[in-house]
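Structure at a glance
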Amino acid sequence: SIPTRRELVREAARAPSTAQVKEAQRELQEHYWTTCPLSHKPLIRPIVADCVGNMYNKDAILKFLLPGEEIEGISSKADCEEILCGRVKGLRDVVELKFEIDTEQSQHPSTKLDKQEGWICPVTAKQLGPNVKAVYLVPCGHVFSEEAVRQLKGDKCLQCNESYTEENVIPILPTKSEDKQELVARAQKLAEQGLSHSLKKAPGSKKRKKQANGDAAETEGASRSNTSTPKPNATNGIKHAATAMLTARVLEEENEKKKRRKMMGLNENLDSLFTKDSKDGKMNNTDFMTRGFTLPAGSRK
């Protein structure tokens, strides 16, 4: 029978079932596992991935980074920027993926016509794709199944023995919103540290670090100037602060010496009138009391 208008509207308003949602996600995952979103061409090595786990052909990323509005081989710059959302500004923001090639599938007659490589996990030998959750390690870029990395719980790559941390295990094409939020938070944390997605120094990080150090030095210098000894007055005629402080210190020492001499009651004029014993034990005959007068030799005994 022909459906009525009411039945047609009711069918259109019905929400998709769970099976339909999963099927749509699987088809979308299969598309992104086989097609570059920038060039709309099949994914062919070398393949790179960004901080949220999306995969691209490396030549498409290189073409996007070239100056110019319209470049042959990829979508328009506006479309590419909408896809990338500002995540890729250079090759530091992507990591080249290193897949384990499925030699058995590549030798199969059906795959020779398809010209599509098969990738497997080097630990579990499971075929990587929309049906298996896969991850890659930063910075080396080797790809494994999530199950293998979770069960091994190591801190070194099984392929190249390079160290990695848990936060640098990046899921490929994640579907859960929690995973996507964690990846975005990781990218923001690295940006605050002056690092890119590949753990290389981001361009301009040294300049920002110098500016931060300069601001800290100015703040520290201002606090020191408030708590340190006051600078000498400009009336002394000495403009250089260090020289003025040194001069003031020398003058202060001289004043202390003069005060000490007055307290001890020493008078150089009176002291010069009397004879002092010389260092060699002989009498000094140069003062006015003994000048011109010599005692007999017998009286000295």
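Everything numeric in this text was worked out from a predicted model, so none of it was measured.

One open sheet holds the three strands; their spatial order is β2-β1-β3, and the pairing between them is antiparallel. Across the chains shown, the open sheet's two edge strands, defined by having one partner strand only, are β2 (55-57) and β3 (95-96). As paired strands, strand β1 (residues 47-49) and β3 are joined by two bridges and run antiparallel to one another. Across the sheet, residue Ala49 finds its bridge partner in β3, namely Val95.

Here we take up the confidence of the model for the protein. For any part of a model where pLDDT is low, the fine detail of the predicted coordinates should not be relied upon. Mean pLDDT over the protein: 79, with 69% of residues reaching 70 or higher. Across residues 228-236, where pLDDT falls below 50, the model places three contacts with residues more than four positions away in sequence or in other chains.

The next subject is the nonpolar core. If you look at the biggest cluster of nonpolar residues, it comprises 41 residues, and the most contacted ones within it are Trp33, Met55, Leu97, Phe99, Tyr136 and Ile172. Of all the secondary structure elements, the ones that give two or more residues to this core are β1, β2, α3 (58-65), α4 (77-84), β6 (134-137), β7 (143-145), α7 (146-152) and β8 (169-171). By residue number, the principal contributor to this core is β6, which donates four residues. If we skip the residues at most four places from it in the chain, Phe99 touches Trp33, Ile47, Met55, Trp119, Leu128 and Val143.

Side chains on a regular strand alternate between the two faces of the sheet. Along β6, one buried face is formed by Ala134 and Tyr136 and the opposite face, lined by Val135 and Leu137, is buried too. For β6 and β7, the ladder comprises three bridges, and the chain directions are antiparallel. Residue pairing across strands places Val135 opposite Phe144, the latter belonging to β7. The antiparallel pairing of β6 with β7 creates a hairpin that spans five residues between the two strands, and Gly141 there sits at a positive phi of about 90°. Relative to β8, β6 runs antiparallel, the two being bridged by three bridges. What sits directly across from Tyr136, in β8, is Ile170.

A surface patch of nonpolar side chains, amounting to about 220 Å² of accessible area, comprises Leu62, Leu65 and Leu91. Mapped onto the elements of the fold, Leu65 is located in helix α3.

Conventions adopted
- Residues numbered from 1 in each chain as written.
- Predicted model: local features only at pLDDT ≥ 70, side-chain atom pairs only at ≥ 80, totals over all residues.
- Heavy atoms only, no water.
- Pairing = 2+ DSSP bridges.
- Helix = DSSP H or I, 4+ residues; strand = E, 2+ residues; numbered from the N terminus.
- pLDDT = per-residue confidence, 0-100.
- Contact = heavy atoms within 4.5 Å.
- Core = buried A, V, L, I, M, F, W, Y, C linked by side-chain atoms within 4.5 Å.
- Buried < 20%, exposed > 50% of the residue type's maximum accessible area, 1.4 Å probe, protein only.
- Patch = residues over 30% accessible without salt bridge, like charges linked within 9 Å, V, L, I, M, F, W, Y side chains within 5 Å.
- Areas by Shrake-Rupley, 256 points an atom, 1.4 Å probe, with all protein chains shown as cover.
- Salt bridge = Lys/Arg side-chain N within 4 Å of Asp/Glu carboxyl O.

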